[in-house]
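Spelled out from the first residue to the last, the chains are:
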Amino acid sequence: MINRYFSTPVPIAFAMFFCVLSYAQKKNADYKIHLLKTNETFTIDGKGDEATWQKAEPAKDFFMVLPMDDRKATQPSEVKMAYDHRQLYLLATFYKTPGNTYVVESLRRDFSFGGNDNFLLFMDPFNNQTTGFSFGANAYGAQWDGTMSNGGSIDLNWDSKWVSEVQNYEDKWVVEMAIPFKSIRYEKDVTEWGVNFSRLDLSTNEKSSWTPIPRQFPTASLAYTGTMVWDNPPPKQGLNYSIIPYVLGTVGNSSIEDITYDNEFKVGGDVKLGLTSSLNLDLTINPDFSQVEADRQVANLTRFELFFPERRQFFLENADLFANFGYDEIRPFFSRRIGLGVPIIGGARVSGNLNRNLRLGLMDMQTDKMDETGLPSQNFAVLSLQQKVFSRSNIGLMFVNKESLDYNSLTDDLKSEYTKFNRNLGLEYNLASADNKYNGKVFMLKSFGPDSSYNGIAQGAHLAYSSRKWNWRVQQEYISENFTSEVGFVPRNNYIKLEGSVGYLFLPASDKIVSHGPKYTGFYYFDPNMNSTDYVSIVGYALNFLDRSSLSVDVFNEYVQLLAPFDPTNTGKEELAAGTRHHWNGIYISYDSRPKNLFTYNLTSRLGRYFSGGYRTNINAELGYRFQPYVSLGARLSYNNLDLPQPWYTTDFWLVGTEADITFTNKLFWNTLFQYNEQSNNFGINSRLQWRYAPASDLFLVFNNNEQLSPLEGNLWSLTLKFTYWFNR
């Protein structure tokens, strides 16, 4: 149906152009570091006094990426690598001007890149310039690890078993790492991997890379990796398994109406089995996710469901195979639909590379029934295949199935409430040009259900370009009225969307401003007959300063035709009628302070008109102060004032979140988060003590308290003690 609005079918037109852009050789293949095998016993202490390090080949003479990418880095860096039959070793030395102080936020694992002096390693074991692993450390020894996908995206929720130590000196800092081969996945009998090294030095506001990378791209960009050359292929992993059991006890109580809380004792765990050096089997039995961080609350003044990211370990390795199909708001699979509020009996997942070019993701999860609600036991199955084509692009296939077991035994009332089955089948092509300047996607999804009301399609395509000065993107989406994705994230249906943006950067020869320039962004929604239902047009200007602070100002023009009744305050007041039209404009202002300061802040404001001729004033602030490296304090403040005609009148509410992050060492952490949401009349506390007593093995003590304020008063609290240990061979 969508194609009749375009002279050439959109997916075909995009695909034809994508193929032209897709093929070329890797840019920095000639930058090489050679690895030698060693029989020496290493002590990982950050001193680097083993004899192997005297013979190892250094990677040095780093290139500056920011503030300008046309010169060598002013702060010298040097990285050496070696290996034995069990582990990959790395020693990195980062020189600095004596007197320049180190900048770190805390000793917390998986630190924020922009707020710390840090070193990062990026590895592409399959040399596909798309997927890989990242390991790193900040200047006081906090660890960083994550899986890489989409040519440079990093998921820091993934944890693996490895060790590192850092030593600080007046003129340099040194990091030493040992990464077990069993903690990563790679293709056997291959002697060249993609690799790059990145350094951020906040005392000079300089980001640098071993290989040259254009300033518009992150140093994580796998299109610009060099080559790690082994003197022999990395060792075969042999039998590779990990058993990660847990024991958990929880006490708690609830005084909230209709919510009961029972004390519990649970035993369960995960098993990881390396089917090959590049393909992994994950099993989970009676899993528990109580160590997961609390979601950060947000004030919701939209008409649609909000998205919260997945943090549970079982779902994270090779998560891009399952989570990246489609777009942010057209996802056929969203793992948080499984097992939150419903017991999971068990699950299995096979993921990884079948060969250098073909990746597989296969998952099956089984949930228990809920007698109190009548929810039947359900099975969730997902199949994902991804075939590399050309230099960095790929073709993906996904099938998602949700099945309610014993559905026929349900009462008629429950049958009308729950679905017997829902299935999604999709195909997509992802473009990534060899130089990373072009990226794009074309996809099609089909949904199936017990009757025709579940049968629909979703389709989208985009093409984007980024150079040192220019960037632009065009995107198109279509979702039919009956498209249904019960295991996905699709907040709205029955629309056509056209989206576009274009921006330009000036790069002045200035000792204060790195870049500045204008940008236009537009989102335009139509019904299937191409009648306009929503649009937002934004024209803005941004300035990026040498000290890494930034300022942006945007003017917007917005139009909404309500497709359903809507309370503009989202607080349960009277609703505006469906079909009513609303048009307003306003301004956004945002400022980020420089990260080098002990006190950092981000200020944003939205000022302008709102629904029904009213006004909305929104002020947000994120404040932080650190007593480095042990204590990091933060606060998030959000104030909304809605000045509307009767019957809403004036509505204002606060959202306040304060956080204390105390890192006694890089293995002992205590984090406490307080959140107050006046819009939902809720106050919550999440306090978590974590002791990483061995690599990837933890003891957690977690306290949660949720207070419902007037008029729905009540309290729910729990205290959980959890012990995990990572056995592996």
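Provided above is the structure to which this section pertains.
One structure accompanies this document, and this report is about it. Owing to the predicted nature of the structure, the values given are computational and were not obtained by experimental measurement. (Residues numbered from 1 in each chain as written. Predicted model: local features only at pLDDT ≥ 70, side-chain atom pairs only at ≥ 80, totals over all residues. Heavy atoms only, no water.)

The buried fraction of strand β22 (residues 421-432) amounts to nine of the 12 residues, a majority that puts the element mostly inside the structure. Relative to β22, strand β21 (residues 393-404) is paired through 10 bridges, and the arrangement is antiparallel. Of the residues in β22, the one forming a bridge with Leu-397 is Leu-427. Summarising the sheet, β22 and strand β23 (residues 438-448) pair through 10 bridges and their orientation is antiparallel. Looking across to β23, one finds that Tyr-429 is bridged to Val-442. (Buried < 20%, exposed > 50% of the residue type's maximum accessible area, 1.4 Å probe, protein only. Helix = DSSP H or I, 4+ residues; strand = E, 2+ residues; numbered from the N terminus. Pairing = 2+ DSSP bridges.)

This paragraph deals with empty space enclosed by the protein. With the rule as written, the count across this model stands at four cavities of 30 Å³ or more. In this model, the second largest cavity occupies a volume close to 170 Å³. Forming the walls of the second largest cavity are 17 residues, and the residues nearest its centre are Lys-182, Ser-183, Arg-185, Lys-272 and Trp-726. Listing elements by their share of the lining of the second largest cavity, those giving two or more residues are β15 (241-254) and β16 (264-274). Tallying contributions element by element places β16 first for the lining of the second largest cavity, with three residues. Of the residues belonging to the lining of the second largest cavity, the class tally is four nonpolar, seven polar and six charged. (1 Å grid on protein atoms, 1.4 Å probe; cavity = no way out; pocket = protein on both sides within 12 Å on 5 of 7 lines; lining within 4 Å. Points joined across faces, edges and corners; volume = space filled by probe spheres on them. Nonpolar A, V, L, I, M, F, W, Y, C, P; charged D, E, K, R; others polar.)

A general trend in soluble globular proteins is that nonpolar side chains are found buried together. Counting residues in each nonpolar core, the largest one holds 39 residues, and the members touching the most others are Phe-119, Phe-135 and Phe-197. Phe-135 has contacts with Phe-119, Leu-120, Leu-121, Met-123, Trp-144, Asp-145, Trp-158, Trp-162, Met-177, Ile-179 and Ile-184, leaving out every residue within four places of it along the chain. Core analysis: the next-biggest nonpolar cluster, separate from the first, contains 25 residues, Phe-380, Ala-458, Phe-483 and Val-490 among them. (Core = buried A, V, L, I, M, F, W, Y, C linked by side-chain atoms within 4.5 Å. Contact = heavy atoms within 4.5 Å.)

Enumeration over the complete set of coordinates arrives at 43 aromatic pairs. Members of the aromatic cluster, joined through ring pairs, are Tyr-31, Phe-63, Phe-94, Phe-119, Trp-173, Phe-197 and Trp-210. Positioned above the aromatic ring of Phe-421, the side-chain terminus of Arg-423 is 4.0 Å from the ring centre. For Arg-492, the ring lying beneath its charged end belongs to Tyr-525, and the centroid distance is 4.2 Å. (Phe/Tyr/Trp six-rings, centres within 6.5 Å; stacked < 30°, edge-to-face > 60°. Lys NZ or Arg CZ within 6 Å of the ring centre and 35° of its normal.)

Within the secondary structure layout, Lys-207 lies in strand β13 (residues 206-209). In this structure the C-alpha to C-alpha distance between Lys-207 and Asp-69, which are 138 residues apart in sequence, comes to 9.5 Å. Residues in contact with Lys-207, not counting those within four places in the same chain, are Phe-63, Met-64, Val-65, Leu-66, Phe-113, Arg-199, Leu-200, Phe-217, Pro-218 and Thr-219.

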